[in-house]
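Listed below are the residues making up each chain.
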Amino acid sequence: MFEFDQYLGFLAFLTILTIGFWLMIFLISFIPYWLGGAIIELIQEKREERKARREA
């Protein structure tokens, strides 16, 4: 059915496809987490800045 070269090419294709799939899943899950943390940190910094202005 397959010759050895075709078998290696098919395995390489599956490997690249699998790596791409998991990388996509990682990025889709990690980027919203990163953005959410950055937004929360920004809000906290602004609150502390307002507090410092009121006390001064």
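Read on for a plain summary of the structure.

About the thresholds
- Residues numbered from 1 in each chain as written.
- Predicted model: local features only at pLDDT ≥ 70, side-chain atom pairs only at ≥ 80, totals over all residues.
- Heavy atoms only, no water.
- Helix = DSSP H or I, 4+ residues; strand = E, 2+ residues; numbered from the N terminus.
- Rg over C-alpha atoms; globule rule 2.2 N^0.38 Å.
- Buried < 20%, exposed > 50% of the residue type's maximum accessible area, 1.4 Å probe, protein only.
- Patch = residues over 30% accessible without salt bridge, like charges linked within 9 Å, V, L, I, M, F, W, Y side chains within 5 Å.
- Areas by Shrake-Rupley, 256 points an atom, 1.4 Å probe, with all protein chains shown as cover.
- Salt bridge = Lys/Arg side-chain N within 4 Å of Asp/Glu carboxyl O.

Examining the overall build of the protein
Phase 1 of the analysis: The number of helices and strands found in the protein is 1 helix and 0 strands.
Phase 2 of the analysis: In terms of C-alpha radius of gyration, the protein reaches 24 Å, well past the compact-globule figure of 10 Å for 56 residues.
Phase 3 of the analysis: When its C-alpha atoms are laid out on the principal axes, the protein stretches across 80 × 10 × 5 Å.
Phase 4 of the analysis: When the 56 residues of the protein are sorted by exposure, 0% land in the buried category.

Thoughts on a nonpolar patch on the surface
Phase 1 of the analysis: On the surface, M1, F2, F4, Y7, L8, F10, L11, F13, L14 and L17 cluster together into a nonpolar patch covering about 1,100 Å² of accessible area.
Phase 2 of the analysis: Tracing the backbone through its elements, the reader meets L14 in helix α1 (residues 4-55).

Side note on the environment of E41
Phase 1 of the analysis: Relative to the elements of secondary structure, E41 occurs in helix α1.
Phase 2 of the analysis: A C-alpha to C-alpha distance of 17 Å links E41 and A52, two positions 11 residues apart in sequence.

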